[in-house]
Amino acid sequence: MKTIKVNLGKRSYPIWIDHGLLRRVPELLGPRTGHQWVIVTQATVRNLYAHKLTELLKSSGIDVSTIIIPEGEEAKSLSEVESIYEQLLELNCDRSTLLVALGGGVVGDVTGFVAATYLRGVDYLQVPTTLLAMVDSAIGGKTGVNLPQGKNLVGAFYQPIGVVVDPELLQSLPRRDVISAMGEILKYGAIRDRDFFEKLRQNMDSLLSLEDEEVLLKAIVRCCEIKADVVSHDEQESDLRRILNFGHTIGHALETVAGYGILQHGEAVAYGMIAAGQISHELGYLNQQDHELLVSTLRKLPLPKLPDLNPEVVLEAIGHDKKVKAGRLHFVVLEGLGNAIVTDEVSDERIMNVIKDGIFQH
Ligand SMILES: NC(=O)c1ccc[n+]([C@@H]2O[C@H](COP(=O)([O-])OP(=O)(O)OC[C@H]3O[C@@H](n4cnc5c(N)ncnc54)[C@H](O)[C@@H]3O)[C@@H](O)[C@H]2O)c1
Ligand SMILES: [Zn+2]
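Residues numbered from 1 in each chain as written. Chains lettered and ligands numbered in written order. Predicted model: local features only at pLDDT ≥ 70, side-chain atom pairs only at ≥ 80, totals over all residues. Heavy atoms only, no water.

## With respect to the coordination of the zinc ion (ligand 2)
Which entries qualify depends on this criterion: The donor set covers N, O and S atoms within 2.8 Å of the metal, switching to 3.2 Å for Na, K and Ca, and it leaves out water, so a site may look short of donors. Helix and strand assignments come from DSSP, with helices taken as H or I runs of at least 4 residues and strands as E runs of at least 2, each series counted from the N terminus. Throughout, exposure labels follow a simple rule: accessible area from a 1.4 Å probe, protein chains only, divided by the maximum for the residue type, with under 20% read as buried, over 50% as exposed, and the rest as partly exposed.
Surrounding the zinc ion (ligand 2) are the protein donor atoms Glu184 (OE), His248 (NE2) and His265 (NE2), which sit 2.0 to 2.1 Å from the metal. Sequence positions of the donors to the zinc ion (ligand 2) reduce to the motif E-x63-H-x16-H. A residue pair is termed long-range when its members are at least 10 positions apart, and Glu184 in helix 6 (residues 175–192) and His265 in helix 11 (residues 265–282) qualify at 81 residues. With relative accessibility at 0%, the residue Glu184 sits in the buried group. For His265, a relative accessible area of 21% translates into the label partly exposed.

Shown next as structure tokens:
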């Protein structure tokens, strides 16, 4: 088993990674086993894994209940949060209750927010079941829900007590979710570790098919190390943590304009990285060779074709993002492959030209 620590003083916690770890949850959480546990999950994941986890916890003498939230982004809402509070009260949950977020990013974000606020805060454990959640959303303590006006507009930084990563759970994951997560995985290499990026390039097919357990495990471990390191140095995204947004400024806008469901998050980020790579190259930060390596690798991902998008509308969506972030566009560029920096020198015009250039077409 690999253990990576997120170093945040008193709020430090481990990320445990290994095949078959779900079976070892009671052992990993030893001292907590006397308390009441509540698993928050979705119907699909309940049928696949929550029943198994419940049986296991019960046989370890743990009082365990399950709360089911709807599938999809709609579950990240204040009304769903309220419904979870009510169910926790009905179950007589007090401040010693442990919440377990068993699912993807949606379950993790909602459960984390409930944990941050129910009775002014209870502990929660992240047990991610999607590849995206394993390498990204389950780590770092960003919790929250959406408002009708936009995504993730309400939330809190609230760290879990631990993250249990069991890649065996991915065998049931639809292939498209794997491809989408690969966008984020490549991002880690691009912003922080060139060697890792090259290894991902070499092993892309094996990773996408999940066929080689060791290659997959190593990739997940490296992503978790990078995210843990960045978060340990900048928990609340003042500066360094912003590099994790590489590809996200344009990616988010594409995701919104295409309409949710057309592009998955990681797919949009992959397109966003192609654009951000072009901008990095134009500004003289990324040389020709690195730029080609970045783009040709991203193009190996089987991404869906982008619908015809009006560049003006995409720029408007970026503008909205900017307003939300106090008027400044912090754009992440690569100063060489494997090293990201944040700059505010990227103009709207430059972004517009890149989108107009049709660089997204295969
Ligand atoms: N907090 C953060 O730092 C952070 C970072 C990135 C993304 N996010 C959020 O994460 C969310 C997206 O997360 P996601 O991509 O994991 O999607 P998701 O949580 O919607 O999960 C996708 C679907 O897969 C199903 N599923 C989950 N695990 C499965 C498994 N092992 N086998 C079969 N089906 C399974 C789920 O039931 C769900 O319907 C977004 O809301 C995004 O805003 C948060
Ligand atoms: Zn992302």
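## Brief notes about the site of ligand 1
Just so we agree on the cut-off: We call a residue near a molecule or strand when any one of its heavy atoms sits within 4 Å of it. Throughout this description, a polar contact denotes any pair of N or O atoms lying within 3.5 Å of each other; where both atoms belong to protein, one of them has to be capable of donating a hydrogen while the other can accept it, and for residues adjacent in sequence the pair is counted only when both atoms sit in side chains. The Shrake-Rupley method, run with a 1.4 Å probe sphere, supplies the accessible areas, and residue values consider only the shown protein chains as cover.
Taken together, 24 residues sit near ligand 1, with Glu71, Gly105, Thr129, Thr130 and Ser172 positioned nearest. At 2.8 Å, a side-chain N or O of Glu73 approaches an oxygen atom of ligand 1. The side chain of Thr129 places a nitrogen or oxygen atom 2.7 Å from a nitrogen atom of ligand 1. In isolation ligand 1 offers 880 Å² of accessible surface; the protein chains occlude 85% of this area. Elements represented by at least two residues in the shell around ligand 1 include exactly helix 2 (43–59), helix 4 (105–117), helix 5 (131–137) and strand 8 (150–157).

## A look at the packing of helix 6 against helix 9 (residues 213–233)
Let me state the cut-off plainly: Only C-alpha atoms enter the line fits that serve as axes; for helices the fit covers just the stretch in contact. Angles between N-to-C directions range over 0 to 180 degrees. Here the word oblique covers every angle except those under 35 degrees (roughly parallel), over 145 (roughly antiparallel) and from 65 to 115 (roughly perpendicular). Handedness of a crossing is defined here by the sense of rotation of the near helix relative to the far one, left-handed for an anticlockwise turn of less than a right angle and right-handed for a clockwise turn. It only takes one pair of heavy atoms within 4.5 Å for two residues to be counted as in contact. Note that Gly is not counted as nonpolar here; it falls among the polar residues with everything else outside the nonpolar set of Ala, Val, Leu, Ile, Met, Phe, Trp, Tyr, Cys and Pro and the charged set of Asp, Glu, Lys and Arg.
Where helix 6 meets helix 9, the closest approach of the two axes is 10 Å, and the angle between their N-to-C directions is 60°. In terms of their interaxial angle, helix 6 and helix 9 are classed as oblique. Helix-helix and strand crossings are classified by hand; for helix 6 and helix 9 the assignment is left-handed. Residue-level inspection shows Ile185, Tyr188 and Arg192 of helix 6 in contact with helix 9, the latter providing Cys223, Ile226, Lys227, Asp229 and Val230. Its residues assigned to classes, the contact of helix 6 with helix 9 shows five nonpolar, no polar and three charged.

## Topic: the domain arrangement of the protein
It is common to give the size of an interface as the accessible area that goes away when the parts come together. The line we're drawing: The split of the chain into domains comes from an automatic or database domain assignment. A simple way to read buried area is as the amount of 1.4 Å-probe accessible surface that goes missing from two parts once joined, with both sides added. Any carboxyl oxygen of Asp or Glu that lies within 4 Å of a side-chain nitrogen of Lys or Arg is treated as forming a salt bridge with it.
The domain architecture assigned to the protein consists of domain 1 (2–171) and domain 2 (175–356). Counting residues at the interface gives 28 residues for domain 1, matched by 29 residues for domain 2. Here domain 1 meets domain 2 over a buried area of about 2,500 Å², counting both sides, of which 67% is carbon and sulfur. Summed over the shared surface of domain 1 and domain 2, the result is four salt bridges. Between Asp136 and Lys227 there is a salt bridge, with the nearest N and O atoms lying 2.8 Å from each other. For the pair domain 1 and domain 2, the number of links is nine residue pairs in polar contact (both at pLDDT 80 or more). Taken together, the elements giving at least two residues each to the side of domain 1 that touches domain 2 come down to strand 1 (2–6), strand 2 (13–17), helix 5 and strand 8. The leading source of residues in the side of domain 1 that touches domain 2 is helix 5, at five residues. Partitioned by chemical class, the residues of the side of domain 1 that touches domain 2 number 15 nonpolar, six polar and seven charged.

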